[in-house]
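# Notes for the structure review
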Amino acid sequence: MLALDGGGIRGVLTLEVLGQIELMLCRELKAGDEFVLSDYFDYIAGTSTGAIIAAGLARGMRVDELRELYATHGAEMFDRASLIKRFKYKYDSTRLEGLLQDIFGAAVTLGDPQLKSLLMMVLRNATTDSPWPLSNNPRAKYNADSRLDSNLRLPLWKLVRASTAAPTFFPAEAVSVGEQDFVFVDGGLTMYNNPAFQLFLMATMEHYKLGWPTGEEQMLVVSVGTGTSPKADDRLRPGDMNLLFNASSVPAALMSAALNEQDMLCRTFGRCRHGASIDNEIGDLRGEPGLLKERLFTYVRYNVELTRPGLNQLGLHDVRPEDVQRLDSIAHIGALQRVGMRLARDVDRRHFEGFLGE
């Protein structure tokens, strides 16, 4: 299984890691030139920009095609809204919607047989104030063909667009589900900006009716981030934390905490083969005894800290943190690619041992 974080244009970073995984798997499996990641991964999940990439991979796209999409059409994804609309959001979604329809097909639905793997995308239903992790699992309760409101009837491009509708960046997306109309916003505004543990649950819990077997030798979960950017400030004083400060910092802080929690859950219930330290107290949890005598899956996490120390550790002393931290940093796609290429050096066949058809 493959899980992809949200993070705006920083999805460029994710793609470099995926490109190396694709290359390594193709070599190890002795596959032909037509090999794509959906030939290997049975279930692919993504949130926000991760949903764009996940849907593309599930459709059978090569990583190079998605690289080209972000490099060539990044500016279209972040098309500035008119001055009047900027009181509500920074970017207009019209060109992005057209782009998504071109990529995935205006008539292609979540249940389309053209999808080569199971696909899960995280949205937030603002109407019901609840997270909506939607998948094309044909056995799922709300995917039954007999239902007029079956999720499998929903346009794929519209669900991808809804998962990327970050408040203040893009307008919300309205989706008709059966006879009900809902307003959706970015799935990153849920506990699942990193969808890895939720993906595991949706593959194994009896309620989702897949019932895949668990165990270190039975299941591999690969999770790829878009970089983190903690902002320590030793000059901060209690009086500085006014309404404006909290409005700008609290949502990002909550999203970061949720991302780390999903990562820690995966390392606690799964056997972590690779991943950077979570914090100075618990470390990276590799080789730890954990809560369970037998872990439920094997877990691999690729991510990087987009701070000065983090970039220095990659040898990227000339890359400025402020250039690669923003979700809409389209002027610095080249720098993000460089960060992704350095992170991609972490990809190792040993992380996939036991899942390479040995």
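Residues numbered from 1 in each chain as written. Predicted model: local features only at pLDDT ≥ 70, side-chain atom pairs only at ≥ 80, totals over all residues. Heavy atoms only, no water.

## Some points on the packing of aromatic side chains
Aromatic ring pairs are described here by two measures, namely the spacing of the ring centres and the angle between the planes. On inspection of all chains with the given rule, the structure shows 10 aromatic pairs. With centroids separated by 6.3 Å and ring planes inclined at 65°, the aromatic side chains of Phe182 and Phe184 adopt a geometry described as edge-to-face. Take Phe182 and Phe184: they sit in the same class, and that class is buried. A ring pair is formed by Phe200 and Phe297, whose centres lie 4.6 Å apart and whose planes are at 40°; its orientation type is tilted. With a gap of 97 residues between them, Phe200 in helix 6 (residues 196-204) and Phe297 in the loop between strand 10 (271-274) and strand 11 (298-302) connect regions that are remote in the sequence. What makes Phe200 buried here is its relative accessible area of 4%. (Phe/Tyr/Trp six-rings, centres within 6.5 Å; stacked < 30°, edge-to-face > 60°. Buried < 20%, exposed > 50% of the residue type's maximum accessible area, 1.4 Å probe, protein only. Helix = DSSP H or I, 4+ residues; strand = E, 2+ residues; numbered from the N terminus.)

## Considering the pattern of salt bridges
All chains considered together, the criterion is met by 21 salt bridges. One salt-bridge network, in which partners are shared between bridges, spans Asp5, Asp263, Arg267 and Arg301. (Salt bridge = Lys/Arg side-chain N within 4 Å of Asp/Glu carboxyl O.)

## As for the pairing of strand 5 (residues 118-125)
The element strand 5 is extensively covered by neighbouring structure, given that 7 of its 8 residues are classed as buried. Two strands pair when backbone bridges link them, and strand 5 and strand 6 (residues 130-135) are joined in this way by 6 bridges, in the antiparallel orientation. Across the sheet, the residue bridging to Asn125 is Ser130, located in strand 6. Counting the residues in the hairpin turn of strand 5 and strand 6 gives 4 residues, including Asp129, whose phi is positive at 55°. (Pairing = 2+ DSSP bridges.)

## Here we look at helix 6
Counting buried positions along helix 6 yields 8 of 9 residues, so the element is predominantly enclosed. Within helix 6, the full set of buried residues consists of Ala196, Phe197, Gln198, Leu199, Phe200, Met202, Ala203 and Thr204.

## Points about the nonpolar core
Within the largest apolar cluster, 78 residues are counted, with the highest numbers of intra-cluster contacts made by Leu18, Ile21 and Phe352. Counting residues per element, this core draws most heavily on helix 1 (residues 11-28), at 8 residues. For Leu18, the contacting residues outside a window of four places in its chain are Leu2, Leu4, Leu37, Ile53, Leu57, Val63 and Val224. (Core = buried A, V, L, I, M, F, W, Y, C linked by side-chain atoms within 4.5 Å. Contact = heavy atoms within 4.5 Å.)

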